[in-house]
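Read off the chains here:
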Amino acid sequence: MESRVSSGVLTKNQAPFLNPFQPRKLPCLTNTYSLYNTKHTHQFSNASFQLSTGFSSRSHVFRQVINMSGDNFREFELSNLTALSPLDGRYWGKVKELAPYMSEYGLVYSRVLVEIKWLLKLSQIPEVIEVPSFSGEAQSYLQGLIDGFGMDDALEVKRIERITNHDVKAVEYFLKQKCQSHPEISKVLEFFHFACTSEDINNLAHALMLKEAMTKVMFPTMDKLIEAICKMAKANASISMLSRTHGQPASPTTLGKEMAIFAVRLSRERQEISQVEMMGKFAGAVGNYNAHLVAYPNINWPQIAEEFVTSLGLKFNPYVTQIETHDYMAKLYYAIIRFNSILIDFDRDIWGYISLGYFKQITKAGEIGSSTMPHKVNPIDFENSEGNLGKANEDLSYLSMKLPISRWQRDLTDSTVLRNIGGGLGHSLLAYKSALQGIGKLQVNEARLSEDLNQAWEVLAEPIQTVMRRYGVPEPYEKLKELTRGRAVTRESIREFIEGLELPKEAKTHLLNLTPHSYVGAAIELAITVDSTVNSINGTQVLETCR
């Protein structure tokens, strides 16, 4: 249980709407002083109380007085400029897609959904005669509370929470308030939250939030990134490039094949992420259905719980304490970390290729690369991506290590930590979009690639000594080492060496025709066929536009 509003910034035209989990515009949240500085009377079925919502020093959430310098004070209102997290400030425009799912608003909405769906489930259990089957009109009314849930409703829940000091109980009271005038539902108000502990509601809400965020935001962006790299691979399949191992010239490859490696690696991890099942529990205070069985001893509550959890599109976890164990979250986050680590590798490689001159970057009028060096065109998108991936992995790593641990049947440490599950996804999303933006600016500099290959005839030592081995020429490796190591090697010196070898005419001719540009093995074919490999990994054709 937490009693504070999320630090997420929701300003005019920024906070999407769920219907359910469908983005729509929401009212402005920056000017909420008048909403919070009023009094409201709430009538429930068996209780009434007054909320005095004037600000106090402890509950003042949306405005802060910041000591700027000594005795000088300035009053700050929460906005994109004053947000503590850059995700809610500077980068809001790039990550706001996650807000419907990973914000405080998304959490309140998901709790409302779970509470209503549970009441509907109770009405379908014949043994629970106190909650008869709802009429079609009553069912539509309850569904309408989900579909029509908006920012005003979320603010109402938060007002109630200021009195209850309990976020889940505030949702229950909110729903009772909404339904107390309905002639049918008002008779069963006490079956909202029936036999539930807060974590029955919370764990399902968090699972739904993650599922929707991954499905609606993260996976589509991952797929765009893989698709973009796949296109790079195919477009540059035949462009030869000098490899570098240990930073030194090595056997040539093609630019496209090196991009294909990343497309395939990222696809594998994307597939692993998609296989993680979001899990849920609904077994009461300590996981044993204690209260359920006292109230209705003849009902198979584990079966009911499984039916309910799976009806929400989640995987049922039958062995739990008060909380769902969060093991699936750790699995999910570690899989995302692996995806992110591969993308860091990609960012660094592209950064290096830009430094070598293999890529040029398309410039944009008005942009500045350096405040003092006018000529600079920096690889800022890939640097931004790398930095945010590191931050994301740090956040996700902590969540993965912390969330599976809870003292005995439950402690509260997971509650505050779970309020941060959006940060790692936010930084990941920002990184993916930065990498995509950087890819869109790249232009291959074929002349520079060719220049390096023309200066690296020593790389042909490998194929020459390999052919010499085939035809029994003694000490092939040693002879090529003497010719090439620490010496300047030219096209002429290589040809002279080949001409002096005792080899069949066909083999000698093949070696004489070999150049650093043509010595690329199967790289071209590997790059050209990358889309089929990626599609086979994912079990579906997700890269149609690569064709």
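How each quantity is defined
- Residues numbered from 1 in each chain as written.
- Predicted model: local features only at pLDDT ≥ 70, side-chain atom pairs only at ≥ 80, totals over all residues.
- Heavy atoms only, no water.
- Helix = DSSP H or I, 4+ residues; strand = E, 2+ residues; numbered from the N terminus.
- Contact = heavy atoms within 4.5 Å.
- Areas by Shrake-Rupley, 256 points an atom, 1.4 Å probe, with all protein chains shown as cover.
- Core = buried A, V, L, I, M, F, W, Y, C linked by side-chain atoms within 4.5 Å.
- Buried < 20%, exposed > 50% of the residue type's maximum accessible area, 1.4 Å probe, protein only.
- Expected span 1.5 Å × (residues − 1).
- pLDDT = per-residue confidence, 0-100.
- Phe/Tyr/Trp six-rings, centres within 6.5 Å; stacked < 30°, edge-to-face > 60°.
- Pairing = 2+ DSSP bridges.
- Arc of directions from axis to C-beta.
- Salt bridge = Lys/Arg side-chain N within 4 Å of Asp/Glu carboxyl O.
- Axes fitted to C-alpha atoms, helices over the stretch in contact; angles between N-to-C directions.
- Parallel < 35°, antiparallel > 145°, perpendicular 65-115°, else oblique.
- Left-handed = near helix turned anticlockwise from the far one by under 90°.
- Nonpolar A, V, L, I, M, F, W, Y, C, P; charged D, E, K, R; others polar.

(A) Focus on the overall build of the protein chain. Of the regular secondary structure elements, the protein chain holds 22 helices and 10 strands. Considering only contacts in the protein chain between residues 6 or more positions apart, those separated by 24 or more positions represent 76%. Carbon together with sulfur atoms contributes 51% to the accessible area of the protein chain, which is approximately 26,100 Å² in total.

(B) The nonpolar core, seen in detail. Judged by nonpolar contacts, the single largest core of 132 residues is most densely connected at Leu142, Leu210, Phe282, Trp301, Tyr333, Phe346 and Ile350. If one sorts the elements of this core by residue count, helix H8 (residues 198–235) sits on top with 20 residues. Excluding anything up to four places from it in sequence, Trp301 contacts Trp118, Leu122, Ile125, Phe194, Tyr289, His292, Leu293 and Tyr296. Among the nonpolar cores identified, the runner-up in size contains 20 residues, and Phe497, Leu501, Leu514 and Tyr519 belong to it.

(C) Broad picture of helix H9 (residues 255–274). Over its 20 residues, H9 runs 29 Å from end to end, which matches the ideal 28 Å to within 8%, given 1.5 Å per residue. By the criterion of burial, H9 is predominantly enclosed, with 14 of the 20 residues buried.

(D) Examining the confidence of the model for the protein chain more closely. Counting all residues, the mean pLDDT for the protein chain is 87, and 84% of those residues have values of 70 or more. Here residues 1–21 is a poorly scored stretch, pLDDT under 50, and it has 88 contacts once near neighbours within four places are set aside; other chains count. Within the model, pLDDT remains below 50 along residues 23–73, and this stretch shows 109 contacts once partners closer than five positions in the same chain are excluded.

(E) Region of the structure containing the packing of aromatic side chains. Tallied over the full model, the rule gives 15 aromatic pairs. A centroid spacing of 6.4 Å and a plane angle of 55° characterise the contact between Trp118 and Trp301, whose relative ring orientation is tilted. With Trp118 in helix H4 (residues 104–122) and Trp301 in helix H11 (residues 301–311), this residue pair connects regions lying 183 residues apart in the sequence. With respect to burial, Trp118 and Trp301 carry one shared label: buried. With 6.4 Å between their ring centres and 65° between their planes, Phe346 and Phe382 make a pair best called edge-to-face.

(F) Here's a closer look at the pairing of strand S5 (residues 240–245). Examined bridge by bridge, S5 and strand S6 (residues 248–254) share 5 bridges and lie antiparallel to one another. Its bridge partner being in S6, Thr245 is matched across the sheet by Gln248. In this antiparallel pair of consecutive strands, S5 and S6, the connection spans 2 residues, and His246 shows a positive phi of 55°.

(G) How the structure looks around the side chain of Arg270. Here Arg270 shows up in helix H9. Excluding residues within four positions of it along the chain, Arg270 makes contact with Phe219, Met222, Asp223, Ile226, Phe339 and Asn538.

(H) Structural context of helix H16 (residues 446–454). Turning to H16, its buried residues are Leu449, Asp452 and Leu453. Looking down the long axis of H16, one finds its buried residues gathered within 100° of arc, a one-sided arrangement. Looking at the buried side of H16, the elements it contacts are S5, S6 and strand S10 (442–444).

(I) Expanded view of the environment of Lys360. Residue position: Lys360 is located in strand S9 (residues 359–361). The spatial distance from the C-alpha of Lys360 to the C-alpha of Pro379 is 9.7 Å, given a sequence separation of 19 residues. If we ignore the near neighbours within four places in the chain, the residues touching Lys360 are Lys441, Leu442, Gln443 and Asn445.

(J) A look at unusual backbone geometry. At Tyr289, a residue that is not glycine, the phi angle is positive and equals roughly 60°. Mapped onto the elements of the fold, Tyr289 is located in the loop between strand S7 (279–280) and helix H10 (290–295). We note that His326 has phi near 70°; this positive angle belongs to a residue other than glycine. With respect to the element layout, His326 can be found in the loop between strand S8 (315–316) and helix H12 (327–356).

(K) Spotlight on the side chain of Ser385. Considering the arrangement of structural elements, one finds Ser385 in helix H13 (residues 380–402). Since its relative accessible area comes to 0%, Ser385 is described here as buried. In this structure Ser385 touches Leu343, Asp347, Ala431, Ser434 and Ala435, once residues within four positions along its chain are discounted.

(L) Fine view of the pattern of salt bridges. The final tally for this structure, using the stated rule, is 29 salt bridges. For Lys433, the salt bridge goes to Glu97, with nearest N and O atoms at 2.0 Å. Here the residue Lys433 occupies a position in helix H15 (residues 421–440), and Glu97 occupies one in the loop between helix H2 (92–95) and helix H3 (99–102), the gap between them amounting to 336 residues. With a closest N to O distance of 2.8 Å, Arg159 and Glu156 form a salt bridge. With Arg159 and Glu156 both in helix H6 (residues 151–164), this residue pair falls 3 residues apart, about one helical turn. Judged on exposure class, the residue Arg159 and its partner Glu156 are both buried. Linked through salt bridges whose partners overlap, the residues forming this network are Glu104, Arg111, Lys158, Glu161, Asp167 and Arg419.

(M) The arrangement of the packing of H4 against H11 in detail. It is at 11 Å that the axes of H4 and H11 come closest, and there the two elements cross at 130°. As the angle between them shows, H4 and H11 are arranged oblique. In the crossing of H4 with H11, the sense of the turn from one axis to the other is right-handed. When H4 is examined against H11, the residues Val114, Lys117, Trp118, Lys121 and Leu122 are found in contact with a partner set consisting of Trp301, Ile304, Glu307 and Phe308. Here the residues of the contact of H4 with H11 are counted per class, giving 6 nonpolar, no polar and 3 charged.

(N) Examining the packing of H4 against H6 more closely. Direction vectors running N to C along H4 and H6 enclose 85°, while the axes themselves pass 10 Å from each other. When the axis of H4 is compared with that of H6, the two are roughly perpendicular. The residues of H6 that touch H4, namely those facing Glu104, Tyr105 and Val108, are Met151, Ala154, Val157 and Lys158. In terms of residue class, the contact of H4 with H6 is made up of 5 nonpolar, no polar and 2 charged.

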